[in-house]
Amino acid sequence: MTQDDGELDSLVRKRIRALRVAQGWSLDELATRARMSQSSLSRIENGQRRLALDQLVVLARALDTSLDQLVETASDDVISSPVIDGNHGVLRWPVRADPGMTVIRQRLTGPPPDSPSRLRAHPGHEWLVVLSGTAVLLLGNRRFRVETNQAAEFPTMLPHAIGAEGGPCELLGIFDRDARRGHQNAGPAAPED
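Anyway, here's the lowdown on the structure attached to this text. (Residues numbered from 1 in each chain as written. Predicted model: local features only at pLDDT ≥ 70, side-chain atom pairs only at ≥ 80, totals over all residues. Heavy atoms only, no water.)

This brings us to the sheet that holds strand E2 (residues 90-94). Ordered in space as E1-E2-E3-E9-E4-E7, the six strands form an open sheet in which the pairing is antiparallel. Each of the sheet's edge strands pairs with one partner strand only, and the pair in question is strand E1 (83-85) and strand E7 (151-155). Taking each pair of neighbouring strands and ignoring which way they run, the sheet shows an average axis angle of 20 degrees. The sheet contact formed by strand E3 (residues 102-108) and strand E9 (residues 169-175) spans seven bridges and is antiparallel. Among the inter-strand pairings, valine 103 is bridged to a residue of E9, identified as isoleucine 174. (Pairing = 2+ DSSP bridges. Helix = DSSP H or I, 4+ residues; strand = E, 2+ residues; numbered from the N terminus. Axes fitted to C-alpha atoms, helices over the stretch in contact; angles between N-to-C directions.)

Below is the structure:
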């Protein structure tokens, strides 16, 4: 689907109003921040005044957003399917808004490694939530029990590994670009990949 100029115009006007309302600002408050009259802002939001590029730049700044985000068109790519990595038992989804981020879903069946030499460290940051079961997160010299609906977040420069406790567990994790690369390079010693 491509948007014509009228659809984009309407979308931008709705977005300006929605961002203003989300901030809890009146027309007067945003107009003051954007250094324009309240009536001009009202006419912009209501489609009674032409959108000018210089006004959009000022409004984007006042709304603490970028011009790109303010005029970004709707995307048909709302739904994405996972990439299946059968070798490591994970489903991966790239995050389109931030190509450096990856979401994974994985089922773990074995415990974490019993040897500190099997813990991995690499640049990056990870966040994970246990969807079912109980996971054990080894992080440096510490051992954390992460139960269903609990989350863990940590810098991956700390030596780490994860496994299941008392039966299988299922995780949903978010990896930044460096963490994803670190796990891709780690090979089989990194149970979460």
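Before going further, it helps to spend a moment on the pattern of salt bridges. Enumeration according to the criterion identifies six salt bridges in this entry. For arginine 105, the salt bridge is made with glutamate 170, and the minimal N-O distance between the two is 2.7 Å. Within this pair, whereas arginine 105 is found in strand E3, its partner glutamate 170 is found in strand E9, the two being separated by 65 residues in sequence. A relative accessible area of 34% places arginine 105 in the partly exposed class. Ionic pairing is found between glutamate 165 and arginine 145, a salt bridge with its closest N-O pair at 2.4 Å. Here the residue glutamate 165 occupies a position in the loop between strand E8 (160-164) and E9, and arginine 145 occupies one in strand E6 (residues 142-147), the gap between them amounting to 20 residues. (Salt bridge = Lys/Arg side-chain N within 4 Å of Asp/Glu carboxyl O. Buried < 20%, exposed > 50% of the residue type's maximum accessible area, 1.4 Å probe, protein only.)

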